[in-house]
Amino acid sequence: MTIATDDITLAARGLGHAYNGREVLSDIDFEVGRGEFVCIVGPSGVGKTTLLRCLAGLQRSTAGSVSLRGQEMTEPLPGVALVFQDYSRSLMPWASVARNVELPLRANGARRGEARAAALRALTLVGLDEIAAQMYPWQLSGGMQQRVAIARALAYQPTLLLMDEPFASVDAYTRADLEDLMLRLQRDLHLTVILVTHDIDEAVYLSDRVIALNGRPARVAEIVDVPLGADRDQVATKSTAEFAELRARVHGLIRGSREATS
Amino acid sequence: MNAARKGWLSSVALELWLPVLLVVIWWVASSQSTSVYFPPLSSILASFAQDWLEPAALVKNLFPSIQILSIGYSLALVSGIVVGTVLGLVAPLERATRPLLETLRAIPGVALLPIFIVLFGIDVEMKVLLIAFGSFWPVLLNTIDGVRGIEPLLLDGARVFRYGRIRRLTAIVLPGASPQIFAGARTALAISLIIMVVAETVGGSGGIGYFLLAAQRNFAINAMWGAILALGIFGYLLNIIFRIVERRVLRWHRLQQARLESHS
């Protein structure tokens, strides 16, 4: 699949990273178009978080480059929002939910009133009301806290939304709810999302395309198109033959590599 | 009577029963005393009322103490938090200065009194500076630890969402370090009270320490005991004020800790 140059939101070119000479990522090449939902999937410890930190501009890669709408990402650029896996550590425990969501806006020049209004709108989008907005994040359940982190990213009106294993710390039911919430938000708000996960089902269920990583150092095994349409359902979609086939294919890509390297 | 009020009353009762009991024992045991050094509590209290409850006497005896304590302690807080934040954020600087800081901290503040007299004289300035110097260390070292212990994910978030330097400091670093800053400030308050009393025994600027030493030298034993009593009450009131401020500022921390404990 090729993306029109104007629509390329993020591009990784020959991206590689080494810690003290030990290579963890090598020659990673992909593009993400505007309005796409892309999942990067790979086994635990393959360097997914390192990759995401490079994509966010939090870390400079030791090889290759990342660009956001043509601008090279050597530091965090405007318009990139990030949702971390560990909501209990990424939200400020001393600030109310509303303040957590509005702070990025205040830090980027929004007035108090408009930041608060935008925060409340974003919280409504993720299903949290004004009562929850007044609470401390740790007074909410895990799933609710991750909704706060998502609302914080939405309020920022990101060009690119990055998510690092965002549903790995919640239970299975909450996880399904949050997956469907993300699908709905991505479609309604035309978000461009890159989500990193080790869960193949999740990657296939959410994505327009899946980037499968494998090997040590990790490389892109293959980029798999996921033509499952816009309307997806946890039960119906996951029981189609198409889903099973895609799932098996991604699984094979990741597992195949392990046999090749070990 | 509602439950909150009842809870408050019972906590006051819990706090007061022992002091009240001790005062009663003191009163009874000393009532027939003829010792010069251990006069009856009734005469100590009479002297106390005269020196510390009369408005004019209170202003004269206590105001100088409050003045040097508040200025010295504030200086220690501000400089400790500022320097501690810088050292906490700049790791190489912190590593390079740590041994020196640990050495200086180990010197008791009151031991520097002779040097401070030589350097700054025997007036208010010397006393303020001695209090500031002695109580600076716990604020500094706790601030460093608090700043270094800030959750790295919060700092990553601040970078991604492009917080400015000031915003990062006021919204993330200082609130994140605040529980430890308060722990340091509490220790510093106790230290500054001790240094205050010792420093006031030098020169003639008045205050509780001066009053205490003057009473002892004049064999005004009742007044001396009264001053000790006043000092205890003064320290206790300072601690209460500190606790009220801490409860307000660290409300989130107290509630979160309580929640963690109830869940484990």
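Residues numbered from 1 in each chain as written. Chains lettered and ligands numbered in written order. Predicted model: local features only at pLDDT ≥ 70, side-chain atom pairs only at ≥ 80, totals over all residues. Heavy atoms only, no water.

Q: Summarise the environment of Thr124 of chain A; cite the residues concerned and give the values.
A: All names here are of chain A. Take Thr124: it is sitting in helix H4 (residues 112–125). Accessibility expressed as a relative area gives 55% for Thr124, which makes it exposed. As for Thr124 and Leu154, which are separated by 30 residues in sequence, their C-alpha atoms are 11 Å apart. (Helix = DSSP H or I, 4+ residues; strand = E, 2+ residues; numbered from the N terminus. Buried < 20%, exposed > 50% of the residue type's maximum accessible area, 1.4 Å probe, protein only.)

Q: Hey, could you go over the packing of helix H7 (residues 152–160) of chain B against helix H8 (residues 165–200) of chain B for me, with residue numbers and the actual values?
A: All names here are of chain B. Where H7 contacts H8, the two axes come as close as 10 Å, and the packing angle between them is 155°. For the element pair H7 / H8, the angle class is roughly antiparallel. Relative to H8, the crossing made by H7 is right-handed. Contacts between H7 and H8 involve Leu154, Leu155 and Ala158 on the former and, on the latter, Arg168, Ile172 and Val173. (Axes fitted to C-alpha atoms, helices over the stretch in contact; angles between N-to-C directions. Parallel < 35°, antiparallel > 145°, perpendicular 65-115°, else oblique. Left-handed = near helix turned anticlockwise from the far one by under 90°. Contact = heavy atoms within 4.5 Å.)

Q: I'd love a proper account of the packing of aromatic side chains, names of residues and values included.
A: This structure, assessed with the given rule, holds 11 aromatic pairs over all chains. Ring geometry for Phe38 of chain B against Trp225 of chain B: centres 6.0 Å apart, planes inclined by 45°, an arrangement best described as tilted. Of the two residues, Phe38 of chain B sits in the loop between helix H1 (3–30) and helix H2 (41–53) while Trp225 of chain B sits in helix H10 (residues 221–249), which places them 187 residues apart along the sequence. Taking the centre distance of 5.8 Å and the plane angle of 55° together, the rings of Phe116 of chain B and Phe133 of chain B count as tilted. In this pair, Phe116 of chain B is assigned in helix H5 (residues 113–120) and Phe133 of chain B in helix H6 (residues 124–148), connecting sequence segments 17 residues apart. By relative accessible area, which is 9% here, Phe116 of chain B ends up buried. Owing to a relative accessible area of 27%, Phe133 of chain B belongs among the partly exposed residues under this scheme. An aromatic cluster is defined as three or more aromatic residues linked by ring pairs; in this entry it consists of Phe116, Phe120, Phe133, Phe136 and Trp137 of chain B. Geometry around Tyr205 of chain A places Lys238 of chain A over its ring, the cationic atom sitting 4.8 Å from the centre. (Phe/Tyr/Trp six-rings, centres within 6.5 Å; stacked < 30°, edge-to-face > 60°. Lys NZ or Arg CZ within 6 Å of the ring centre and 35° of its normal.)

Q: Talk me through a negative patch on the surface; I want residue IDs and the actual numbers.
A: A surface patch of negative charge is lined by Asp171, Asp177, Asp180 and Asp233 of chain A. Summarising the element assignment, Asp171 of chain A is placed in the loop between strand S7 (160–164) and helix H7 (172–189). (Patch = residues over 30% accessible without salt bridge, like charges linked within 9 Å, V, L, I, M, F, W, Y side chains within 5 Å. Areas by Shrake-Rupley, 256 points an atom, 1.4 Å probe, with all protein chains shown as cover. Salt bridge = Lys/Arg side-chain N within 4 Å of Asp/Glu carboxyl O. Lys, Arg positive; Asp, Glu negative; His and termini not counted. Charge placed at Lys NZ, Arg CZ, Asp CG, Glu CD.)

Q: Give a detailed account of the state of the cysteines, specifying residues and quantitative values.
A: Each disulfide consists of a covalent bond between the sulfur atoms of two cysteine residues. What the rule picks out here adds up to 0 disulfides over all chains. Residue Cys39 of chain A stays outside any disulfide, its sulfur separated by 19 Å from that of Cys54 of chain A, the closest cysteine. (Disulfide = S-S within 2.5 Å.)

Q: If you had to explain the sheet that holds strand S2 (residues 22–33) of chain A to someone new, which residues and values would you point to?
A: Residue and element names in this part refer to chain A. Read across the sheet, 4 strands follow the order S2-S1-S4-S5 without closing on themselves; strand pairing throughout is antiparallel. Of all the strands in the sheet, just S2 and strand S5 (71–72) have a single pairing partner and so form its edges. Packing against the sheet, helix H1 (residues 48–56) makes contact with strand S1 (8–19), S2 and strand S4 (63–68), and its axis sits at approximately 130° to S1. (Pairing = 2+ DSSP bridges.)

Q: Break down the interface of chain A and chain B for me, citing the residues and quoting the values.
A: Across the boundary between the two partners, chain A contributes 29 residues, which contact 20 residues of chain B. Across the chain A/chain B interface, buried area totals approximately 2,500 Å², and carbon plus sulfur atoms make up 63% of it. Looking at the side of chain A facing chain B, the largest losses of area belong to Arg89, Trp94 and Trp138 of chain A, adding up to 29% of the total buried there. Seen at the junction of chain A and chain B, the total is 2 salt bridges. Close ionic contact of Arg89 of chain A with Glu151 of chain B constitutes a salt bridge, the shortest N to O distance being 2.8 Å. The interface formed by chain A and chain B includes 9 residue pairs in polar contact (both at pLDDT 80 or more). (Buried area = accessible area lost by both parts, 1.4 Å probe. Polar contact = N/O pair within 3.5 Å; in protein donor to acceptor, adjacent residues only side chain to side chain.)

Q: Give a detailed account of the pairing of strand S9 (residues 209–214) of chain A, specifying residues and quantitative values.
A: Residue and element names in this part refer to chain A. The element S9 is extensively covered by neighbouring structure, given that 6 of its 6 residues are classed as buried. Every second residue of S9 is oriented toward a common face, with Arg209, Ile211 and Leu213 on one face and Val210, Ala212 and Asn214 on the other, all of them buried. Examined bridge by bridge, strand S3 (residues 37–41) and S9 share 4 bridges and lie parallel to one another. Within S9, the residue paired with Ile40 across the bridge is Ile211.

Q: Tell me about the confidence of the model for chain A, residues and numbers included.
A: Close inspection of predicted coordinates is inappropriate in any region flagged by low pLDDT. The predicted model of chain A has a mean per-residue pLDDT of 90, with 97% of residues at 70 or higher. With pLDDT under 50 throughout, residues 258–262 of chain A is counted as low confidence; its partners more than four residues away or in other chains account for 3 contacts. (pLDDT = per-residue confidence, 0-100.)

Q: Give me the pattern of salt bridges: which residues, what numbers.
A: Residue and element names in this part refer to chain B. This structure, assessed with the given rule, holds 23 salt bridges over all chains. A salt bridge links Glu246 to Arg186; the shortest N-O distance between them is 2.7 Å. In this pair, Glu246 sits in helix H10 while Arg186 sits in helix H8, placing the two residues 60 residues apart along the sequence. With a relative accessible area of 33%, Arg186 lands in the partly exposed category.

Q: Give a detailed account of the sheet that holds strand S6 (residues 80–83) of chain A, specifying residues and quantitative values.
A: Hydrogen bonds along the backbone pair up the strands of a sheet, which may run parallel or antiparallel. Residue and element names in this part refer to chain A. Pairing is mixed in the open sheet, where 6 strands are placed in the order S6-S7-S8-S3-S9-S10. Each edge of the open sheet is held by one strand with a lone partner, namely S6 and strand S10 (219–225). Across the sheet, the mean angle from the axis of one strand to that of its neighbour is 20°, orientation sign disregarded. Against the sheet, H7 touches S3, S7 and strand S8 (193–197), its axis set at about 160° to S8.

Q: Report on the packing of H4 of chain A against helix H6 (residues 142–155) of chain A, specifying residues and quantitative values.
A: A pair of packed helices can be characterised by two numbers: the angle between their axes and the separation between those axes. All names here are of chain A. At a minimum axis distance of 8 Å, the contact between H4 and H6 shows a crossing angle of 130°. Classed by the angle they form, the pair H4 and H6 counts as oblique. Between H4 and H6 lies a crossing of right-handed hand. Seen from H4, the contacting residues are Ala118, Ala122, Leu123 and Leu125; seen from H6, they are Ala151, Leu154 and Ala155. Along the lines of polarity and charge, the residues of the contact of H4 with H6 split into 7 nonpolar, no polar and no charged. (Nonpolar A, V, L, I, M, F, W, Y, C, P; charged D, E, K, R; others polar.)

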